[in-house]
Amino acid sequence: MTLTILGIESSCDDTAAAVVRQAADKPEILASIVHGQTDLHADFGGVVPEIAARAHVEKLDSCVTQALNTAGLTLADIDAIAVTAGPGLIGGVVSGVMLAKGICAATGKPLVGVNHLAGHALTPRLTDDVAYPFLMLLVSGGHCQFLLVKGHDDYTRIGGTIDDAPGEAFDKTARILGLSQPGGPAVQKAAETGDPKRFKLPRPLLREQGANMSFSGLKTAMIHARGAVIAEQGGLTRRDQSDLAAGFQAAVADIIDHKSRVALDGYLALNPTTPTLAVAGGVAANTAIRARLTDMCAALGVAFVAPPLALCTDNAAMIAYAGLERFAAGMVDDMTLSARPRWPLDQSAAPMLGSGKKGAKA
Ligand code: KG4
Ligand code: ZN
């Protein structure tokens, strides 16, 4: 059976629409349109919810039209409309859900509400046909968690940050070092020529049991380390900048590497037939972190799957695909579908300190 799903995403600062088709055994992305809003928020040091919501309202319609045109389809060819119903900035999520409901009301097509995090978590199935159960490390500007993905609606959170997300720490580090935003790529570039051992930086929770992580102490340590150099020399040289960046990146890579090993041990105890660690989120683009995870997986005989960056960061193809799995399993919503600012994938997991911060990108 062929299924063609229109996906809509507007939970943070990307307005996106996509068409994904599952024909025979392989899903295919027929179109994936993403309109970022980085410029609109640039002056404010973060995403401004009201500006984001207004921009989504302005762009959503044309995004959907563009996605259908690119796919060479009309709404008549679509089997169901999948839309991010949370978690995220509520104004944006509401805009997407209203549009999806409008399309469904006008066409009679089924509506499928999708958890944005499920979109990220299921991406390795869209790109690499990864079998359940697999281990997912979601590392972005607003999230950091290990998820055991057992089915499209069956997740166990086996650890994650208890405070900041690593992307947030990369961005803050770039800011204090006078590097450009987004901070991740800038810190990575500066770190290339730096000495990671010059500054002694903490690796919080490394010796604690379990797969929980913490990055806020590292952020504070970076502020102190920078302050000490400035107090001594009156400013930062390019060398100091590189050494601080390299020290920070090495600390983050150590934490993620070590805790991934812990999470993998728990996952491998389940004896999965094709053991796989998959990553998603902007921080998964970091070459140092990727290299560490690639080596670890190779040593353990675990497949390492890192989807292309455009599918690791926010997009609607992942929402269309997650919607496709739900729809294929007979899960549809009605017009009472509500937009949810918070919506943990693992409903049984205890809420984490600082997780689900307002304004944080999921
Ligand atoms: O997934 P994403 O685009 O948006 C969120 O959902 O958060 O991730 C953005 C985050 C930013 O904090 C950015 O600095 C970080 O991902 N990032 C990186 C790299 N590229 C992007 N962090 C470390 N190294 C990179 N190469
Ligand atoms: Zn996201």
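Residues numbered from 1 in each chain as written. Chains lettered and ligands numbered in written order. Predicted model: local features only at pLDDT ≥ 70, side-chain atom pairs only at ≥ 80, totals over all residues. Heavy atoms only, no water.

### Notes on the site of ligand 1
The condition is simple: One heavy atom suffices: a residue is near a molecule or strand as soon as one of its heavy atoms comes within 4 Å of it. We define a polar contact as two N or O atoms separated by no more than 3.5 Å, with the added condition that, inside protein, one atom must be a possible hydrogen donor and the other a possible acceptor, whereas residues neighbouring each other in sequence contribute only through side-chain atom pairs. Computed by Shrake-Rupley with a 1.4 Å probe, the accessible areas treat only the displayed protein chains as cover when residues are assessed. For helices the rule is a DSSP run of H or I covering at least 4 residues; for strands it is a run of E covering at least 2, with both sets numbered from the N terminus onward. Residue classes follow a fixed rule: Ala, Val, Leu, Ile, Met, Phe, Trp, Tyr, Cys and Pro count as nonpolar, while Asp, Glu, Lys and Arg count as charged, and any other residue, Gly among them, counts as polar.
Residues in contact with ligand 1 amount to 19 residues; listed here are only the nearest, Gly-141, Asp-171, Gly-184, Gln-188 and Gly-282. Contact between ligand 1 and Gly-167: an oxygen atom at 3.1 Å from a main-chain N or O atom of the residue. Gln-188 is positioned such that a nitrogen or oxygen atom in its side chain is 2.8 Å from a nitrogen atom of ligand 1. Here ligand 1 loses 89% of its free accessible area of 540 Å² to cover by the protein chains. For the shell around ligand 1, the secondary-structure elements that each account for two or more residues are α5 (166-176) and α6 (183-191). Per-element tally for the shell around ligand 1: the top contributor is α6, with four residues. Residue composition of the shell around ligand 1, grouped by class: six nonpolar, eleven polar and two charged.

### A closer look at the sheet that holds strand β10 (residues 303-305)
Two pairing modes exist for strands in a sheet, parallel and antiparallel, and in both the strands are linked by backbone hydrogen bonds. Quick note on the threshold: Paired strands, in this sense, are two strands between which DSSP finds at least two bridges. Fitted lines through C-alpha atoms serve as axes, helices being fitted only where they are in contact, and the angles separating the N-to-C directions of these axes extend from 0 to 180 degrees. Any pair of residues with heavy atoms lying within 4.5 Å of one another is described as a contacting pair.
The mixed open sheet is built from five strands, whose spatial order is β8-β7-β6-β9-β10. Each having just a single partner strand, β8 (154-160) and β10 make up the two edges of the open sheet. Neighbour to neighbour, the strand axes of the sheet diverge by 25° on average, direction disregarded. Across three bridges, the pairing between strand β9 (residues 276-280) and β10 is parallel. By the bridge assignment, Thr-276 is partnered in β10 with Ala-303. Against the sheet, helix α4 (residues 116-128) touches β6 (134-139), β7 (144-151), β8, β9 and β10, its axis set at about 125° to β6.

### Digging into the sheet that holds strand β1 (residues 3-9)
Spatial strand order, β3-β2-β1-β4-β5: five strands in an open sheet with mixed pairing. Each edge of the open sheet carries a strand with a single partner, namely β3 (26-36) and β5 (111-115). Within this sheet the neighbouring strands show an average axis-to-axis angle of 20°, counted without direction. Of the strand pairs in this sheet, strand β4 (residues 80-86) and β5 are connected by five bridges, and their pairing is parallel. Residue Ala-82 lies in a different strand from β5, and its bridge partner there is Val-112. Running at roughly 30° to strand β2 (residues 14-23), helix α2 (residues 49-71) makes contact with β1, β2 and β3 of the sheet. Along the sheet, helix α3 (residues 90-107) contacts β1, β4 and β5; its crossing angle with β4, the most-contacted strand, is approximately 160°.

### Points about the packing of aromatic side chains
Condition: Within 6.5 Å between ring centres, the rings of Phe, Tyr and Trp (the latter by its six-membered ring) count as paired, and their orientation is classed by plane angle as stacked under 30 degrees, edge-to-face over 60, tilted in between. For the exposure calls, accessible area comes from a 1.4 Å probe over protein chains only, and a residue counts as buried if that area is under 20% of its type's maximum, exposed if over 50%, partly exposed in between. A ring has a charge above it when a Lys NZ or an Arg CZ is no more than 6 Å from the ring centre and no more than 35 degrees off the ring normal.
By the definition in use, this model includes two aromatic pairs. With centroids separated by 6.0 Å and ring planes inclined at 10°, the aromatic side chains of Tyr-132 and Phe-134 adopt a geometry described as stacked. Tyr-132 gets classed as partly exposed once you look at its relative accessible area, which sits at 25%. Above the ring of Tyr-132, the side-chain terminus of Arg-125 is found at 3.9 Å from the ring centroid.

### Looking at the environment of Asp-14
On the secondary structure map, Asp-14 appears in strand β2. Through-space distance from the C-alpha of Asp-14 to that of Gln-37 is 6.1 Å; in sequence the pair is 23 residues apart.

### Thoughts on the domain arrangement of the protein chain
Filter applied, for reference: The domain boundaries here were taken from an automatic or database domain assignment. Think of a salt bridge as a Lys or Arg side-chain nitrogen and an Asp or Glu carboxyl oxygen that are within 4 Å of each other.
The domains assigned to the protein chain are domain 1 (3-124 + 311-358) and domain 2 (132-307). With centres defined by C-alpha atoms, the gap from domain 1 to domain 2 works out at 27 Å. Listed per partner, the contact involves 21 residues of domain 1 and 27 residues of domain 2. Linking domain 1 with domain 2 are one salt bridge, by the criterion used here. We note a salt bridge from Arg-326 to Asp-153, for which the minimum N-O separation is 3.4 Å. At the surface where domain 1 touches domain 2, the tally comes to four residue pairs in polar contact (both at pLDDT 80 or more). Going through the elements one at a time, α4, α10 (309-312) and α11 (317-328) are the ones with two or more residues in the side of domain 1 that touches domain 2. Per element, the largest residue contribution to the side of domain 1 that touches domain 2 is seven residues, and it comes from α4.

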